[in-house]
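# Commentary on secondary and tertiary structure
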Amino acid sequence: MQKTKCSECEKDILLPIVQRTLSFLSENMGVHIISQDAQISFMQKVQLKKNTVMISTGGSIQVLISMSYDDKLLNKLMESFLEGETVALEEFDEVRESVACEVINIIIGNALINPKDDTVLSISPPILIQEAKSLIKHKNSKIALSAIVTDFGDLLITVIGTKDLFIDDLELKEL
Amino acid sequence: MLNVLIVDDSLIIRKNVHKYLAHLGHKVIREAKTGAEAVEDCKELKPDLITMDITMPDMDGITAVAKIKQFDKKVPIIMVTSHGQEDLVVSALKAGAKGYILKPINEDKLAKAIATIFPKYKIQEDDDEFLDD
C-alpha cells in the first residue's frame, strides 16, 4: 500500500475526535459547550488535570490519545450516564472512573481515522492515570492539543505521536 | 424472558445494559469483564443471548465470539462496540456474531437489536439501527 507523508498525523487524528467530542457532550451528555479551541496546537508541555485517561492506537500509526477532565465535568458525565440512578457510596469511585474511561472509549471508537493509509487502527482498553501532572514533549515526538470549555469545566484532548510515527519524515528505510 | 450474559470491561456499561435488559423484562444471569470470563460463563450458564464488547483486556470480544462458537453455534451474540471501523465489525460477524450496536448504547437500540434476533420481542416496526449479518 502506498504510504503518504504523515508529518501532521496527530492533527489529522485529533480533528475528528474533537468534532465527535463536541457532539457527544452536547447531544448525549447534556453539556453546553462554551467555547472550543478550534485551532489545534502543537505543544511542548501540557498540564494535565486530576482525571486523565489514555488510549493507545495500534496498527500503521501508534499514538497515545488522552482526555483530561475537570472534576465538575466528570461528575456531570457520570450523572448523565447514570440516567437518574444512584450508586452506593462504596461503588462511587469505581463508577466514576469507569465513566471517564468509557467516554474516551466511545469517542475514539466512533471517530478514529487513519490518515496515513486505509488500514484499521486498533485501540487499547482505556487506562486511567492518577496523580500525573504534565505531559512533556521529548525529541522526535509531538503533542497536539485541543481544549474544550463547557459549563461544567474544561476537557483537554491530546494526541501524542511517538517516534515510530516519524519514520517517513526521517526518511528511514526498512531493511 | 431471555437469560442474558453481559460481557464488557466497563462497569458503567454493564450497569446500564443490565438496567435496560431488566426493564425490557429479561434476566441477566452474569456479567463478565473479559472475553476469557465470557467463554467460561457461556459454557457453564448456556445463555439465550450474549452482549459482547470488542475491546477488552485479557481476551478481546472477537476472539471470545470465535471461541464460544466452537462449542455453541446457536447462541446469538450482539456486539456492543464503539468501533465505527467496518473491518472490526466484519471480523466480529465473520467470527459468528449476529450483529452489532454502536455505542453510545441506550434501551431503544438494545430493544431493537433483540427484536431483530427474537421477533417475538418486537416492540416497534423500525429496527434499522441494529445491523445484522
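As shown above, the structure is provided for reference.
Conventions adopted
- Residues numbered from 1 in each chain as written.
- Chains lettered and ligands numbered in written order.
- Predicted model: local features only at pLDDT ≥ 70, side-chain atom pairs only at ≥ 80, totals over all residues.
- Heavy atoms only, no water.
- Helix = DSSP H or I, 4+ residues; strand = E, 2+ residues; numbered from the N terminus.
- Buried < 20%, exposed > 50% of the residue type's maximum accessible area, 1.4 Å probe, protein only.
- Contact = heavy atoms within 4.5 Å.
- Areas by Shrake-Rupley, 256 points an atom, 1.4 Å probe, with all protein chains shown as cover.
- Phe/Tyr/Trp six-rings, centres within 6.5 Å; stacked < 30°, edge-to-face > 60°.
- Lys NZ or Arg CZ within 6 Å of the ring centre and 35° of its normal.
- Salt bridge = Lys/Arg side-chain N within 4 Å of Asp/Glu carboxyl O.
- Buried area = accessible area lost by both parts, 1.4 Å probe.
- Polar contact = N/O pair within 3.5 Å; in protein donor to acceptor, adjacent residues only side chain to side chain.
- Nonpolar A, V, L, I, M, F, W, Y, C, P; charged D, E, K, R; others polar.

### What about the overall build of chain A?
Secondary structure summary: chain A contains four helices and 10 strands in total. In sequence order, the secondary structure elements of chain A are arranged as α-β-β-β-β-β-α-α-β-β-β-β-β-α. The 175 residues of chain A split such that 47% are buried. Considering only contacts in chain A between residues 6 or more positions apart, those separated by 24 or more positions represent 74%. In the structure as shown, chain A presents an accessible area of about 8700 Å², 51% of it carried by carbon and sulfur atoms.

### Notes on the overall build of chain B
Of the regular secondary structure elements, chain B holds five helices and six strands. For chain B, the succession of helices and strands along the chain, N to C, is β-α-β-α-β-α-β-α-β-α-β. Burial statistics for chain B: of 133 residues in total, 55% are counted as buried.

### Notes on the packing of aromatic side chains
All names here are of chain B. By the definition in use, this model includes one aromatic pair over all chains. Taking the centre distance of 6.3 Å and the plane angle of 75 degrees together, the rings of Phe 118 and Tyr 121 count as edge-to-face. The same class applies to Phe 118 and to Tyr 121, which are both buried. When the ring centre of Phe 71 is taken as reference, the NZ or CZ atom of Lys 43 above it lies at 5.4 Å.

### Observations concerning the pattern of salt bridges
All names here are of chain B. Inspection of the entire model under this criterion finds 14 salt bridges over all chains. The residue Arg 14 makes a salt bridge to Glu 31 at a minimum N-O spacing of 3.4 Å. Of the two residues, Arg 14 is situated in helix 1 (residues 11-23) and Glu 31 in strand 2 (residues 27-32); the sequence distance between them amounts to 17 residues. Glu 44 is the salt-bridge partner of Arg 30, the closest N and O atoms lying 3.1 Å from each other.

### Brief notes about the interface of chain B and chain A
Tallying the contact residues gives 21 residues for chain B and 24 residues for chain A. Both faces considered, chain B and chain A share a buried interface measuring about 1800 Å² in area, 56% of it formed by carbon and sulfur atoms. Counting every contact that joins chain B to chain A gives three salt bridges. There are 13 residue pairs in polar contact (both at pLDDT 80 or more) connecting chain B and chain A. For the side of chain B that touches chain A, the secondary-structure elements that each account for two or more residues are helix 1 and helix 4 (86-95) of chain B. Classifying every residue of the side of chain B that touches chain A by side-chain character gives nine nonpolar, seven polar and five charged.

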